[in-house]
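Here's the letter readout for the chains.
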Amino acid sequence: IPHLVQYFLRDTKKKLQDYHQKLMYIHGYHFIAQEQKTHHLFCVGIRTLFAYVSNACEELSNVSHSENFRRLKSKLDFFDSSLKHDLARYEDQARKKDRITSVKMIESWNIAKTDLVSALDTLHSRISIVDESISATTTTLQKFKTSGLLHHTEDSALKEFENKALRLYDTLRRERPATRVDTTPREIAQVVVRMLRRRDHLLNSCCGALSTLRQLLCDLIDIKAATAVIST
């Protein structure tokens with residue numbers, strides 16, 4: 001809050017000279033106008049961030065992981081079929097006189113199968129987690145769409161406070177100092193106080209929305225990293 005605005009907020013009954021009264025009124029108006037503009041830019045920023053997060057979520061939703069899963073599943077099926085064939089041939093030759101046996105070779109085959117099954121289960125689990133995360137993020141974004149911050153970048157109450165402060169100054173400017181009844185900053189102080197209450201309410205809403213979008217953005221970064229792991 002500007003120093004001059006702080007000054008007349010602390011003492012709204014102080015009698016002022018014409019020059020100082022006008023100065024306080026115009027400072028009050030500019031302060032209210034600046035807060036209105038700040039809120040407008042905050043809402044524009046939230047809307048832009050929402051669009052970015054929505055597009056990122058849509059891109060991840062369009063990524064299909066089924067092909068990676070089918071590819072790994074086909075490898076497992078081929079390996080399993082090959083393993084059965086090799087084991088059958090191994091048992092056939094193991095019954096012959098000039099047989100060759102190797103426990104380590106059989107163990108390595110079984111370990112390879114176990115590793116492939118484990119990789120398939122891990123991939124399936126990761127795909128499920130990613131799909132659930134994308135679904136949860138999409139649901140949150142759909143709920144966020146109803147926020148008034150996305151549909152109105154200007155608050156009508158703040159705009160009205162700005163207009164009223166300008167009207168007060170214009171009226172003060174037109175009055176003759178000698179005939180002026182109220183020489184205090186009371187009227188502009190009342191408008192500033194009401195504006196600050198409204199601003200704080202809007203600020204809480206904006207910060208809450210920003211916090212939600214920030215968390216969604218962090219979630220999408222994690223999902224994108226997990227998608228990259230699945231793809232490899």
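What counts, and where the lines are drawn
Starting from 1, residues in each chain are numbered consecutively following that chain's sequence as written. In keeping with the model being predicted, local features are shown solely for residues with a pLDDT of at least 70 and side-chain atom pairs are shown and tallied solely at 80 or more, while totals for entire chains, interfaces and linings include all residues. Side-chain measures were taken over the full set of non-hydrogen atoms in the model, leaving aside hydrogen atoms and water. Definition of nonpolar core: a set of buried residues of the types Ala, Val, Leu, Ile, Met, Phe, Trp, Tyr and Cys, connected through side-chain atoms within 4.5 Å. Three exposure classes are used, based on accessible area relative to the maximum for each residue type with a 1.4 Å probe and protein chains only: buried under 20%, partly exposed in between, and exposed over 50%. Strands here are runs of E lasting at least two residues and helices are runs of H or I lasting at least four, both read from the DSSP assignment and numbered beginning at the N terminus. Throughout, a contact is declared for two residues whenever any of their heavy atoms are within 4.5 Å. Only the stretch in contact is used when fitting a helix axis, every axis being a line fitted to C-alpha atoms; angles between N-to-C directions are given from 0 to 180 degrees. In what follows, roughly perpendicular refers to angles from 65 to 115 degrees, roughly parallel to angles under 35, roughly antiparallel to angles over 145, and oblique to any angle outside these ranges. Handedness of each helix crossing follows the sense of rotation of the near helix against the far helix: counterclockwise by less than a right angle gives left-handed, clockwise gives right-handed. When residue character is reported, Ala, Val, Leu, Ile, Met, Phe, Trp, Tyr, Cys and Pro are called nonpolar, Asp, Glu, Lys and Arg charged, and the others, Gly included, polar. Per-residue confidence from the predictor is given as pLDDT, running between 0 and 100. Salt bridge, as used here, is a side-chain nitrogen of Lys or Arg placed within 4 Å of a carboxyl oxygen of Asp or Glu.

Moving on: the nonpolar core. Ranked by internal contacts, the top residues of the largest apolar core, which has 23 residues, are Phe8, Ile32, Ile188, Val192 and Met195. The set of elements that each furnish at least two residues to this core consists of α1 (3–10), α2 (18–61), α5 (156–174) and α6 (186–231). In contact with isoleucine 188, not counting residues within four places along its chain, are Phe8, Met24, Tyr25, Gly28, Tyr29, Ala165 and Leu168. Ranked by size, the runner-up nonpolar core spans 16 residues in total, among them Leu60, Leu141, Phe144 and Cys206.

What follows covers the packing of α1 against α2. Remark: α1 packs on α2, axes separated minimally by 9 Å, with the N-to-C direction vectors making an angle of 115°. Relative to α2, the element α1 lies roughly perpendicular. The interaxial crossing formed by α1 with α2 has left-handed handedness. From α1, Leu4, Val5, Tyr7 and Phe8 reach across to α2, where they touch Leu23, Met24, His27, Gly28 and Phe31. Tallied by class, residues from the contact of α1 with α2 come to 7 nonpolar, 2 polar and no charged.

Any two packed helices are characterised by the angle at which their axes cross and by the distance between the axes. Two numbers describe how α2 lies on α5: the axes approach to 9 Å, and their chain directions differ by 160°. When the axes of α2 and α5 are compared, the pair comes out roughly antiparallel. Both α2 and α5 take part in a crossing whose hand is left-handed. Judged by residue contacts, Gln21, Lys22, Tyr25, Ile26, Tyr29, Ile32, Ala33, Glu35, Gln36 and His39 of α2 engage Leu158, Lys159, Phe161, Glu162, Ala165, Leu166, Leu168, Tyr169, Leu172 and Arg173 from α5.

What follows covers the environment of aspartate 182. Here aspartate 182 lies in the loop between α5 and α6. The sequence separation of aspartate 182 and glutamine 21 amounts to 161 residues, and the corresponding C-alpha distance is 9.9 Å.

Note that glutamine 21 resides in helix α2. Beyond its immediate sequence surroundings of up to four residues, glutamine 21 is in contact with Leu16, Leu172, Arg180, Asp182, Thr183 and Thr184.

Attention now moves to the environment of leucine 216. Take leucine 216: it is sitting in helix α6. Not counting chain neighbours up to four residues away, the residues in contact with leucine 216 comprise Val53, Thr137, Thr140 and Leu141.

Moving on: the confidence of the model for the protein. With 78% of its residues at a pLDDT of 70 or more, the protein has an overall mean of 77. Mean pLDDT per element in the protein: helix α3 (residues 66–94) is the minimum at 69, and α5 is the maximum at 88.

Attention shifts here to the pattern of salt bridges. Counted under the stated rule, the structure contains 8 salt bridges. Residue lysine 159 is joined to glutamate 162 by a salt bridge in which the shortest nitrogen-to-oxygen separation is 3.5 Å. Residue lysine 159 and its partner glutamate 162 are located together in helix α5, separated by 3 residues, close to a single helical turn. Lysine 159 gets classed as partly exposed once you look at its relative accessible area, which sits at 29%. With a closest N to O distance of 3.0 Å, arginine 199 and aspartate 200 form a salt bridge. Of the residues examined, arginine 199 reaches a relative accessible area of 24% and is grouped as partly exposed. A residue is classified by how much of its surface remains accessible, and aspartate 200, at 36% relative accessible area, is partly exposed. Taken together, the shared-partner salt bridges in this structure form one network comprising Glu35, Arg199 and Asp200.

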